[in-house]
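Here are the chains, one letter per residue:
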Amino acid sequence: MKNTPFTSKHIALGAKMAEFAGYNMPISYTGINDEHTAVRRNAGVFDVSHMGEFVLKGENALDLIQRLTSNDASKLSAGKIQYSCLTNENGGIVDDLLVYCIEENREYMLVVNASNIEKDWNWIMKHNNKAVIMENVSDRTGLLAIQGPNAAKILQPLTDMDILNLKYYTFAKGKFAGVDKVLISATGYTGAGGVEIYFEDLPFGSQDNNMASDKIWDAVFKIGASQGLKPAGLGARDTLRLEMGFSLYGNDIDDTTSPLEAGLGWITKFTKDFTAKTILEKQKSEGVKRKLAGFEMIDRGIPRHGYEIKDHSGVKIGYVTSGTQSPSLGKAIGMGYVEVKNSLLDSEIFISVRDKLLKAKVVKLPFS
Amino acid sequence: MSFPPNLKYTRDHEWILLEGNTATIGITDFAQGELGDIVFVDVESVGKDLEGGSVFGSLEAVKTVSDLYLPVSGTIIELNSALADSPGAINKDPYGEGWIIKMTVKNTSDIDQLLNAAAYQSLVS
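Residues numbered from 1 in each chain as written. Chains lettered and ligands numbered in written order. Predicted model: local features only at pLDDT ≥ 70, side-chain atom pairs only at ≥ 80, totals over all residues. Heavy atoms only, no water.

### Notes on the overall build of chain A
Reasoning step 1: Within chain A one finds eight helices and 19 strands.
Reasoning step 2: Relative to the globule expectation of 21 Å for 368 residues, the C-alpha radius of gyration of chain A, 21 Å, shows essentially globular dimensions.
Reasoning step 3: Along the first, second and third principal axes, the C-alpha atoms of chain A reach 65 × 50 × 40 Å.
Reasoning step 4: Within chain A, buried positions represent 60% of all 368 residues.
Reasoning step 5: For chain A, the proportion of contacts with a sequence separation of at least 24, taken over those separated by at least 6, is 64%.
Reasoning step 6: When the accessible surface of chain A is totalled, it reaches about 15,300 Å², and 50% of it is carbon and sulfur.
Reasoning step 7: Of the side chains in chain A, 43 bear a positive and 44 a negative charge, and the two mean positions are spaced by 4 Å. (Helix = DSSP H or I, 4+ residues; strand = E, 2+ residues; numbered from the N terminus. Rg over C-alpha atoms; globule rule 2.2 N^0.38 Å. Buried < 20%, exposed > 50% of the residue type's maximum accessible area, 1.4 Å probe, protein only. Contact = heavy atoms within 4.5 Å. Areas by Shrake-Rupley, 256 points an atom, 1.4 Å probe, with all protein chains shown as cover. Lys, Arg positive; Asp, Glu negative; His and termini not counted. Charge placed at Lys NZ, Arg CZ, Asp CG, Glu CD.)

### Overview of the pairing of strand 7 (residues 65–69) of chain B
Residues and elements named next belong to chain B.
Reasoning step 1: In terms of strand pairing, strand 6 (residues 55–61) meets strand 7 through five bridges, oriented antiparallel. Note on strand 7: the bridge partner recorded for Leu59 is Ser66.
Reasoning step 2: Where strand 6 folds back onto strand 7 in an antiparallel hairpin, the turn is made up of three residues. (Pairing = 2+ DSSP bridges.)

### Considerations on the sheet that holds strand 7 (residues 107–112) of chain A
All names here are of chain A.
Reasoning step 1: Read from one edge to the other, the open sheet built from five strands follows the order 5-6-7-4-8, with strand pairing classed as antiparallel. With one partner strand each, in any of the chains shown, strand 5 (81–87) and strand 8 (133–136) form the two edges of the open sheet. Pairwise comparison of adjacent strand axes, ignoring direction, gives a mean angle of 25° for this sheet. (Axes fitted to C-alpha atoms, helices over the stretch in contact; angles between N-to-C directions.)

### Topic: the interface of chain B and chain A
Reasoning step 1: Contacts between the two partners involve 18 residues from chain B, matched on the other side by 17 residues from chain A.
Reasoning step 2: Carbon and sulfur atoms make up 44% of the area that chain B and chain A hide from each other, which totals about 1,400 Å².
Reasoning step 3: A per-residue breakdown of the area chain B buries against chain A is headed by Phe40, Val62 and Lys63 of chain B, which together make up 40% of the total.
Reasoning step 4: The interface formed by chain B and chain A holds six salt bridges in total.
Reasoning step 5: The shortest N-O distance in the salt bridge between Arg354 of chain A and Glu60 of chain B comes to 3.4 Å.
Reasoning step 6: Counting across the interface, chain B meets chain A through 14 residue pairs in polar contact (both at pLDDT 80 or more).
Reasoning step 7: At the level of secondary structure, the elements contributing two or more residues to the side of chain B that touches chain A comprise helix 1 (29–35), strand 4 (38–42), strand 6 and strand 7 of chain B. (Buried area = accessible area lost by both parts, 1.4 Å probe. Salt bridge = Lys/Arg side-chain N within 4 Å of Asp/Glu carboxyl O. Polar contact = N/O pair within 3.5 Å; in protein donor to acceptor, adjacent residues only side chain to side chain.)

### Here we look at the nonpolar core
A general tendency of soluble globular proteins is for nonpolar side chains to be buried together.
All names here are of chain A.
Reasoning step 1: Ranked by internal contacts, the top residues of the largest apolar core, which has 54 residues, are Phe46, Tyr100, Phe295, Ile309, Ile349 and Ile351.
Reasoning step 2: With five residues, strand 17 (residues 332–339) is the single largest residue contributor to this core.
Reasoning step 3: Counting residues in hydrophobic clusters, the runner-up holds 30 residues, among them Leu144, Ile146, Met161 and Leu229. (Core = buried A, V, L, I, M, F, W, Y, C linked by side-chain atoms within 4.5 Å.)

### As for the side chain of Ser70 of chain A
Reasoning step 1: As for its position among the elements, Ser70 of chain A is in the loop between helix 3 (61–68) and strand 5.
Reasoning step 2: Apart from residues no more than four positions distant in its own chain, Ser70 of chain A is found in contact with Ser84, Cys85, Thr87, Ile267, Thr268, Lys269, Lys272 and Phe274 of chain A.

### Concerning helix 2 (residues 32–41) of chain A
Residues and elements named next belong to chain A.
Reasoning step 1: By the burial criterion, the buried members of helix 2 are Ile32, Glu35, His36, Ala38 and Val39. For helix 2, the buried positions fall inside an angular range of 160° around the axis, keeping them on one side.
Reasoning step 2: Residues of helix 2 that are buried sit in contact with strand 2 (23–28), strand 3 (44–47), strand 9 (141–147), strand 13 (230–231) and helix 7 (234–244). (Arc of directions from axis to C-beta.)

### Some remarks on the packing of helix 3 of chain A against helix 4 (residues 117–127) of chain A
Residues and elements named next belong to chain A.
Reasoning step 1: One can describe the packing of helix 3 onto helix 4 by two numbers: an axis separation of 10 Å at closest approach and a directional angle of 115°. In terms of their interaxial angle, helix 3 and helix 4 are classed as roughly perpendicular. Along this stretch, helix 3 crosses helix 4, giving a crossing that reads as right-handed. Contacts between helix 3 and helix 4 involve Leu64, Arg67 and Leu68 from the first element and Trp123, Ile124 and His127 from the second.
Reasoning step 2: Grouping the constituent residues of the contact of helix 3 with helix 4 by class yields four nonpolar, one polar and one charged. (Parallel < 35°, antiparallel > 145°, perpendicular 65-115°, else oblique. Left-handed = near helix turned anticlockwise from the far one by under 90°. Nonpolar A, V, L, I, M, F, W, Y, C, P; charged D, E, K, R; others polar.)

### Observations concerning the packing of aromatic side chains
Residues and elements named next belong to chain B.
Reasoning step 1: The tally for this structure, following the rule as stated, stands at 14 aromatic pairs over all chains.
Reasoning step 2: Their ring planes at 5° and their centres at 4.9 Å tell us that Tyr9 and Tyr120 sit as a pair that is stacked. With Tyr9 in strand 1 (residues 8–9) and Tyr120 in helix 3 (residues 117–124), the pair connects residues that are 111 residues apart, well separated along the chain. Assigned by exposure class, Tyr9 and Tyr120 land together as buried. (Phe/Tyr/Trp six-rings, centres within 6.5 Å; stacked < 30°, edge-to-face > 60°.)

### With respect to helix 8 (residues 277–286) of chain A
All names here are of chain A.
Reasoning step 1: Burial in helix 8 covers these residues: Lys277, Leu280 and Gln283. What you see down the axis of helix 8 is that its buried residues fit within an arc of 125°, all on one side. The exposed set on the far side of helix 8, more than 90 degrees from its buried face, consists of Thr278, Lys282, Ser285 and Glu286.
Reasoning step 2: For helix 8, the secondary structure elements touched by its buried residues are strand 5.

### Digging into the sheet that holds strand 15 (residues 308–310) of chain A
Residue and element names in this part refer to chain A.
Reasoning step 1: The strand order 14-17-16-15-18-19 describes a closed barrel built from six strands, whose pairing is antiparallel. Direction aside, the axes of adjacent strands within the sheet are offset by 45° on average.
Reasoning step 2: As judged from the four bridges shared by strand 14 (residues 290–297) and strand 19 (residues 356–363), these two strands associate in the antiparallel manner. Across the sheet, the residue bridging to Gly294 is Val363, located in strand 19.
Reasoning step 3: The strands touched by helix 7 within the sheet are strand 16 (316–325) and strand 17, with strand 16 carrying the most contacts at an inclination of about 125°.

Right under this line is the structure:
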């Protein structure tokens, strides 16, 4: 199992640890609900250094990205970010990712899911026939997501970059907490606002008392201590993202689901060519057969990944991809694929929870 | 983590308080810590005669669902109705307000087979 540069700090804080995508990661520190609430109302710090980062450089970098991703990266100028999908030949999703434009037409950073680093790397390499310079910097790029309505305000004194006024899906690069070349973006996976902080460190696992990760973590918690800033784990990250209806790769989207089925039509641009464009265009014109829908429970019970979804007569119409008790809303919520006719708002569906069929209804996302 | 000496324990991390032939059952402090925030208690077996070891309900935590096993044979006579609105009582006070069911025990001698506090403590430490 691999460590991030912060693993020993999580253990020292008494976090409940578990393996995620091959990394020893904190699931929770004081409790998922507690951390969830801290992020929604104030601010919390997630170590997400397990995420993958690839740097693509050269005159054909944009061309490669355009051919492999569903969104239109030609719209990006330096300092802008885009949410996108790598699609496979069948119109499924290899991964969902963020594309950072470092220098227009010349240099981009792709941020991919930890569980897909190797798969994505091989996929992109396989299609790199125009000598784009590719660098996998995942194992020396630290990443803290500092999320919540007060996150930017708490961190602002640590840098000259104007992070308070950083626009959504843009980034700045500069000195932060005494560390050079730190990239701060107004992005995140919680819907709570805040920033994500990328920095170059010594390779993960190095023993050195001059790690950038130590400087940043210590500065962030020193300044945040009096302002209620809390460490938050992957458990709260999951409940926060699910309340927003954000897809989790491996749960809600995977190699077999199309971006159109997953409600990601807004990042699927047919104005350019990309892998499986024709298949997806056909899917769009004919209409998808199933759709990822959000639902809330009417009967008491909690939906979980893999549970079957049925209609009122007990016929299977789909399956649950994510579910939890929403800490902010105080009700059980979930997402799942259902046949299109069952995906309309207020449709009554039934979740097969062990031996019972529990009533639920389709609602719009984000959950409210 | 606490292990009250007046209780008996199971390997499934439940505790039992026997008074006469009535047993009160909950989950241990260790178990609640492992599960994390408990958000829903699902027990629909009140009034049923069940064998020891059978599943009588489940606990839903934020991340996981976990079955509840009846420690000994008997009849479930009461579910802690306060848990419907505050399942978190199991986290806050697992041996007190977080009790889950009361049951009439068929053979009170079955209770003797369960673990005492010291044996349970060594099991989880």
